[in-house]
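Spelled out, the chains give:
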Amino acid sequence: MIRRQRLAAGVCALLAALTAGLAFPGPAAADETEQAAPKVELVLDVSGSMRTRDIDGGTRMAAAKQAFNEVLDATPEEVQLGIRTLGANYHGNDRRTGCKDTAQLYPVSTLDRTEAKTAVATLSPTGWTPIGPALLKAADDLNGGDGARRIVLISDGEDTCQPLDPCEVAREIAAKGIGLTIDTLGLVPDAKTRDQLSCIADATGGTYTSVQHKEELSDRVGQLVDRAADPVVTPVATEGARECSSAPSLKSGLYTDREEFGQQRWYKVAVEPGQEVRASVSVADDRAVNPDYGVLLRAVTLHGREIVRGEAAGDGRTDVVSTGLRYPRPESDDEDAAAETVCLQVTNSFSAAAGVKTTPGLPLELTVDVVDGPSKAGDVASFGLGRGWWLLGALVLAGFVAGLLWGWVSRWRVAVWRTN
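A quick note: this is a predicted structure, and the numbers were derived from the prediction, not measured. Residue positions are counted from 1 within each chain, in the order its sequence is given. Whole-chain, interface and lining totals are the exception, using all residues; otherwise, since this is a predicted model, local features are given only for residues with pLDDT of at least 70 and side-chain atom pairs are given and counted only at 80 or more. To get the side-chain values, all heavy atoms of the structure are used, and hydrogens and water are removed first.

Colleague: Whenever I open this one, the environment of Thr238 confuses me. Can you help?
Modeller: As for its position among the elements, Thr238 is in the loop between strand S9 (236-237) and strand S10 (249-250). The buried label goes to any residue with under 20% of its type's maximum accessible area, the exposed label to any with over 50%, and the partly exposed label to all in between, with areas taken from a 1.4 Å probe on protein chains only. Relative accessible area serves as the criterion here: at 17%, Thr238 is assigned to the buried category. Put simply, Thr238 and Tyr255 are 17 residues apart on the chain and 6.3 Å apart in space, counted from C-alpha to C-alpha. Whether two residues touch is decided by their heavy atoms; if any such pair falls within 4.5 Å, the residues are in contact. The contacts of Thr238, once residues within four sequence positions are left out, are Pro248, Leu250, Tyr255, Thr256, Asp257 and Tyr267. Numbered from the N terminus, helices here are DSSP runs of H or I no shorter than four residues, and strands are runs of E no shorter than two.

Structure below.
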């Protein structure tokens, strides 16, 4: 019994040491390429309807202020942030004047958290909802520079300044090719508001999220501000097919598509001997959906045999579900071996809530990376250790011997103690 306990302890200790070594690899070389400072402008609806008390027992305005304060505390140092309001200053009933009511509360610049919080604290729900004019001004605020630029619009209602359609304004901004993304957050689960805010986001490749709680609002705004600090990668639009034989052929890169509820989309990737394909997919629920959903990503041969799969599920608390997979193709002794066509199948199990439009499909983002595989591609399937299996084997053998020796020494010491 003593021998078994000591042996188990020795092997576990060595395995723990090996795991720690794998979990904390050496520092990677820093990317010396300097990125231009990302810019974000938060555009807040301060119209009279923001006085409504329907978010966790408080007003919509109070929830927005709390979210702003938390986001300002957590904004990365490298992000230049500004705040613009709409409907914050004009108290009258003249529509022409009310539809010009948008002002920059805090300029897009290096953040002074105290000054920005003080400015937000002064806001009081007042007037109209000129979303279109506010977006045009916000685009001007962010003009110039090569870094990522993002507008985060928070509103609780439709634009009241038609015929300047905010959806057309967003399309106009996208057509300028300035790389500006508009994300929208709706504080009211109203179909018309949702349709308008979704359209604004779709026009620029952004996202729409419906939020009805203070924590959700703070978390989502924080995520969008943090996202602006990520390196800028322009996705390529593609259109998956209903079967692999007619699917588009993809190379390494980032791709966007639309997938209808419960639909399958197919893509093809060519993998040479000794190469490895790594793929990941994210599907966003940019409208109200039923809880309990999932995303499946499969790598399949042309003959329909599954190679590997990745899957993930959600329960209604997240607005994006992501999964991924890796497939290393073994090297071949035949120098003229042809590339293998790997079919990537993306399937979702989202279902639309009652009364929600199912078209266009859900936003899909697919990342494909074809790289040189390890010298023995089959090793990757064994927990990704590759040649590390030799080290693992040596350590396990050493642990086995150490356990035997420790057990023998322990028994010898016990025998000597009993003799004396």
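Colleague: Help me understand the state of the cysteines in this model?
Modeller: Note on terminology: a disulfide is the covalent bond linking the sulfur atoms of two cysteines. In this description, the term disulfide denotes a pair of cysteine sulfurs within 2.5 Å. In the structure shown here, the tally under the stated rule is 3 disulfides. Put simply, Cys167 and Cys199 are joined by a disulfide, and their sulfur atoms are 1.6 Å apart. Around the S-S axis, the bridge from Cys167 to Cys199 shows a dihedral of about -50 degrees and counts as left-handed. Of the two residues, Cys167 is situated in helix H6 (residues 166-175) and Cys199 in helix H7 (residues 191-203); the sequence distance between them amounts to 32 residues. Of the residues examined, Cys167 reaches a relative accessible area of 4% and is grouped as buried. Its relative accessible area of 22% is what places Cys199 among the partly exposed residues. Each bonded cysteine in the protein chain gets a number by its place in the sequence, and the pairs come out as 1-2, 3-4, 5-6.

Colleague: Any chance you could explain the pairing of strand S4 (residues 80-86) here in plain terms?
Modeller: Within a regular beta strand, the side chains point alternately toward one face of the sheet and then the other, so they alternate between its two faces. With 6 of 7 residues buried, S4 lies mostly within the body of the structure. At least two bridges found by DSSP between two strands is the condition for calling them paired. Alignment of strand S1 (residues 39-45) against S4, held across 7 bridges, turns out to be parallel. Paired with Leu42 across the bridge in S4 is Ile83. With 6 bridges joining them, S4 and strand S5 (residues 102-110) adopt antiparallel strand pairing. Paired with Thr85 across the strands is Ala103, a residue of S5.

Colleague: I keep staring at the pattern of salt bridges and nothing clicks. Help me out?
Modeller: If the charged atoms of two oppositely charged side chains come close together, the side chains can form a pair. Any carboxyl oxygen of Asp or Glu within 4 Å of a side-chain nitrogen of Lys or Arg constitutes a salt bridge here. Scanning the model with the defined rule gives 15 salt bridges in all. For Glu306, the salt bridge identified is with Arg298, shortest N-O distance 2.8 Å. Arg298 sits in the buried class, given a relative accessible area of 17%. Three or more residues are tied together by salt bridges with common partners; here these are Glu41, Arg84 and Asp141.

Colleague: How should the environment of Val346 be read in this particular structure?
Modeller: In this fold, Val346 is placed in strand S17 (residues 340-348). Assessed through its relative accessible area of 0%, Val346 is described here as buried. Spatially, the C-alpha atoms of Val346 and Val281 are 7.8 Å apart, while their sequence positions differ by 65 residues. Leaving out residues up to four positions away in the same chain, Val346 has contacts with Glu259, Gln263, Gln264, Arg265, Tyr267, Val281, Leu296, Leu297 and Leu364.

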